[in-house]
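Structural description and commentary
Residues per chain, in single letters:
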Amino acid sequence: MPARTYRGIVLTLLAAWLVLGVWHLPTLTAAPDEAQEVTRLINNERAARGLPILSLDPLLSTVAQQHSDDMAAHNIFSHTGSDGRGFWERIVGSDYPATFGGEVVAAGYGSAADVVRGWMGSPNHQHILLLPDVAQIGVGHAQRSGTTYSHYWTVEVSQPVDGYAPPDS
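Cut-off values and rules
Residues numbered from 1 in each chain as written. Predicted model: local features only at pLDDT ≥ 70, side-chain atom pairs only at ≥ 80, totals over all residues. Heavy atoms only, no water. Buried < 20%, exposed > 50% of the residue type's maximum accessible area, 1.4 Å probe, protein only. Helix = DSSP H or I, 4+ residues; strand = E, 2+ residues; numbered from the N terminus. Pairing = 2+ DSSP bridges. Salt bridge = Lys/Arg side-chain N within 4 Å of Asp/Glu carboxyl O. Arc of directions from axis to C-beta. Contact = heavy atoms within 4.5 Å.

1. Description of the pairing of strand 3 (residues 98-107)
Counted residue by residue, strand 3 has eight buried out of 10 residues, so it is predominantly covered. Direction of pairing for strand 3 relative to strand 5 (residues 151-160): antiparallel, over a ladder of nine bridges. For Glu 103, the partnering residue across the bridge sits in strand 5 and is Glu 156.

Rendered as structure tokens:
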């Protein structure tokens, strides 16, 4: 095959791969306002029960966002990522100094209010969100059309080691 033809085929395939690859990326990630709203709604539930409120941590939010992005990119809905890691492995692998924590995930909810309402209506999810011994929260949301649920949510709650100072966001 002449080099010119081979180069044209390679360039055509590369262009198609880039177009399809970009098209398949999640189209929406948790905006700061959205993460703040999820945190506010969960803190309202905690405060109504006399529990301490949670602070939104940028490192935990990165962990949560990466898991939501992974679920959307691979069209999976699970606490186990496409790489086989669970939530605790993701948290400690991020260098967040966790001593204790939990994770809730959801899929299909289009808004912060709807997803928090869904979690609070589930005894198992509610239990994790209302753990009395956690101080921080991370929020992730990804949307990808053409997947089973379109919206994929992750919340990480955790208690860091004493003296932890969150990185600047």
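2. Here's the deal with the pattern of salt bridges
Side-chain pairs of opposite charge can arise whenever the charged atoms involved come near each other. Within the structure shown, the criterion is met by five salt bridges. Its salt-bridge partner being Arg 49, residue Glu 45 comes within 2.8 Å of it at the nearest N-O pair. Here Glu 45 falls in the partly exposed class, since its relative accessible area comes to 27%. In this structure, Glu 103 engages Arg 90 in a salt bridge whose closest nitrogen and oxygen atoms are separated by 2.8 Å. Here the residue Glu 103 occupies a position in strand 3, and Arg 90 occupies one in helix 4 (residues 87-93), the gap between them amounting to 13 residues. Of the two residues, Glu 103 and Arg 90, neither departs from the other in class, the shared state being buried.

3. A word on unusual backbone geometry
Despite not being glycine, Asn 75 has its phi angle at roughly 50 degrees, a positive value. Following the sequence through the fold, Asn 75 ends up in the loop between helix 3 (58-74) and helix 4. On the basis of relative accessibility, which here comes to 36%, the residue Asn 75 falls in the partly exposed class.

4. Quick word on helix 5 (residues 112-120)
Listed in full, the buried residues belonging to helix 5 are Ala 112, Val 115, Val 116, Trp 119 and Met 120. Taken around the axis of helix 5, the buried residues stretch over an arc of 135 degrees, which confines them to a single face.

5. Concerning the environment of Met 120
Secondary-structure assignment places Met 120 in helix 5. On the accessibility criterion, Met 120 (12% relative accessible area) is buried. In this structure, the C-alpha to C-alpha distance between Met 120 and Leu 130, residues 10 residues apart in sequence, is 9.3 Å. Ignoring any residue separated from it by four or fewer positions in sequence, one finds Met 120 in contact with Glu 45, Arg 49, Gln 126, Leu 129 and Leu 130.

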